[in-house]
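Structural overview
Each chain is listed here by its residues.
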Amino acid sequence: MDIKAGIIGVGSYVPKNVITNSDLEKIMDTSDEWIKTRTGISERRIVSELEATSDMASKAALNAISNSKINVNDIDMIIVATVTPDSPLPSTACIVQEKIGATNAIAFDLAAACSGFLYAMNIAKRFVESKMYNNILLIGAETLSSVVNYDDRSTAVLFGDGAGAAIISKVEEGGILSIINGADGTGKDYLKIPAGGSRIKAGEYSIKNKLHSIKMSGNDVFKFAVRKMSEESVKAIEKAKLSLEDIDFLIPHQANIRIIESSAKRLGLKKDKVYVNLTRYGNMSSASIPVAMDEAFREGKIKKGDKIVLVGFGGGLTWGSSVVQWSI
Ligand code: ACO
């Protein structure tokens, strides 16, 4: 008998430290007014010196598990979507496995930048529906403050730290109705962290030239995002054999309010049907969609039976979109 995969629990964690736009005004040539009007961001969260990606990921994971009907021993796979792992080796997923005590789970990381959570959700859906694994823990977690260059005002104001998690398992009603992922490597230079891998090794040269930090061609990413967010949402809706009128809510990747508003407009969705939390958190890359999903659920904005579009884009370039019928 065919089974359907869906979300049975969500959770999130953001660090306590708040960095406001006026804090940034004190360390770089920027203004609260520029940041708010160009991006929609007012503040972001930043880890303490003792925190790393796996710490936030584990807290979000434990939240998601306690909000679901399973316990930690039932988890048989952990995928951590991140571009800011604790270290290249071991995977952050293995560190999380130990921290939360999920001894029965295999564990690996996935790198697809801000689309990472939706890439991981596609993998989880296939494994659950093929009955190879039953309960998959997906985490999007980022410590972007560790790769931000605070001398580069065009990127430093955009990013924040945080983690969101979801459990994907068999559901009786609703579930992941469609999911699409894509990539276009010709855009690989639009968004990158050049050093720290095998091409430009960590060392004096890379540190002196700040090559361990994010470089972005903002305008190119902006144009790509505006087009892809609405195009890919429509494709996911069609793949689910639905129409725009069937959609109850949009949870987009939280990069820039202008990108979100233009996508919502193209999809004909009113403001109250679109979740926005980038005002408080900035862009948390792979964590942005699962944190938004957890908050929207806790605030009662999405409820059982609702049909929700999740859509994101990111470095690579990569993208993902999905229609989920909420099962909890
Ligand atoms: N404060 C003040 N002025 C600034 C700042 C700042 N923080 N940053 C840039 N400026 C200045 C620029 O120097 C420029 O000045 P000039 O005209 O004198 O040269 C001016 O503002 C306009 O700069 P633009 O880059 O054209 O500004 P734009 O309106 O395009 O906004 C932004 C820039 C916000 C980065 C926008 O392009 C954007 O959001 N792009 C998408 C980025 C994105 O989504 N990235 C995340 C991808 S997800 C992932 O995978 C991690």
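Above this text sits the structure in question.
What this report covers is the structure whose coordinates are included nearby. The shown structure was predicted, so the numbers you read here are calculated from the model rather than taken from an experiment.

Let's talk about the site of the ligand
In the vicinity of the ligand, 26 residues are found, and the nearest of them are Thr30, Arg38, Cys114, Asn219 and Asn256. Taking Arg38, its side chain carries an N or O atom lying 2.6 Å from an oxygen atom of the ligand. Elements that contribute at least two residues to the shell around the ligand include exactly helix H2 (32-39), helix H6 (153-156), helix H8 (218-239), helix H9 (257-267) and strand S12 (307-314). Tallying contributions element by element places H8 first for the shell around the ligand, with four residues. Its residues assigned to classes, the shell around the ligand comprises 12 nonpolar, 10 polar and four charged.

Quick word on the nonpolar core
If you look at the biggest cluster of nonpolar residues, it comprises 38 residues, and the most contacted ones within it are Leu250, Val309, Phe313 and Val323. If you list the elements that add at least two residues to this core, you get H8, H9, S12 and strand S13 (318-325). When residues in this core are grouped by element, the largest group, seven residues, is from H8. When residues no more than four places from it in sequence are discounted, the contact partners of Val323 are Gly175, Ile176, Leu177, Ser178, Ala236, Ile237, Ala240, Leu242, Ile247, Ile308 and Val309. Core analysis: the second largest hydrophobic core is formed by 32 residues, Ala5, Leu110, Ile168 and Phe249 among them.

Overview of the pattern of salt bridges
Per the stated rule, a full pass over the model turns up 16 salt bridges. Between Asp32 and Lys36 there is a salt bridge, with the nearest N and O atoms lying 3.0 Å from each other. A residue pair is termed a helical-turn pair when its members lie 3 or 4 positions apart in one helix, as Asp32 and Lys36 do in helix H2 at four residues. What makes Asp32 partly exposed here is its relative accessible area of 24%. Since its relative accessible area comes to 40%, Lys36 is described here as partly exposed. When the shortest N-O distance is used, the salt bridge between Asp189 and Lys192 registers 3.0 Å.

Some remarks on helix H5 (residues 116-129)
Helix length check: H5, at 14 residues, gives a terminal C-alpha distance of 20 Å against a target of 20 Å (1.5 Å per residue), a fit within 8%. Lys131 lies just past H5 and shows a positive phi near 65 degrees.

Overview of the sheet that holds strand S6 (residues 136-143)
Taken in spatial order, the five strands make up an open sheet running S1-S7-S6-S4-S5, and their pairing is mixed. At either margin of the open sheet sits one strand with a lone partner, and together these are strand S1 (4-13) and strand S5 (106-110). Averaged over all pairs of adjacent strands, the angle between their axes in this sheet comes to 20 degrees, without regard to strand direction. Relative to strand S7 (residues 161-171), S1 runs antiparallel, the two being bridged by nine bridges. When the sheet's bridge partners are listed, Ile7 is paired in S7 with Ile168.

Here we look at the packing of aromatic side chains
According to the stated counting rule, one finds four aromatic pairs in the structure shown. Ring plane angle 55 degrees and centroid distance 5.4 Å describe the contact between Phe297 and Trp326, whose orientation is recorded as tilted. Placement of the pair is Phe297 in helix H11 (residues 288-298) and Trp326 in the segment after S13, with a sequence separation of 29 residues. A relative accessible area of 27% means that Phe297 is categorised as partly exposed. Joined through ring pairs, the aromatic side chains of Phe224, Phe313 and Trp319 make up one cluster. One Lys or Arg, Lys228, reaches over the ring of Trp319 and ends 3.9 Å from the middle of that ring.

Reading guide: rules and limits
- Residues numbered from 1 in each chain as written.
- Predicted model: local features only at pLDDT ≥ 70, side-chain atom pairs only at ≥ 80, totals over all residues.
- Heavy atoms only, no water.
- Near = heavy atom within 4 Å.
- Polar contact = N/O pair within 3.5 Å; in protein donor to acceptor, adjacent residues only side chain to side chain.
- Helix = DSSP H or I, 4+ residues; strand = E, 2+ residues; numbered from the N terminus.
- Nonpolar A, V, L, I, M, F, W, Y, C, P; charged D, E, K, R; others polar.
- Core = buried A, V, L, I, M, F, W, Y, C linked by side-chain atoms within 4.5 Å.
- Buried < 20%, exposed > 50% of the residue type's maximum accessible area, 1.4 Å probe, protein only.
- Contact = heavy atoms within 4.5 Å.
- Salt bridge = Lys/Arg side-chain N within 4 Å of Asp/Glu carboxyl O.
- Expected span 1.5 Å × (residues − 1).
- Pairing = 2+ DSSP bridges.
- Axes fitted to C-alpha atoms, helices over the stretch in contact; angles between N-to-C directions.
- Phe/Tyr/Trp six-rings, centres within 6.5 Å; stacked < 30°, edge-to-face > 60°.
- Lys NZ or Arg CZ within 6 Å of the ring centre and 35° of its normal.

It is worth stressing that arrangement in space is one thing and function is another; only the former is reported here.
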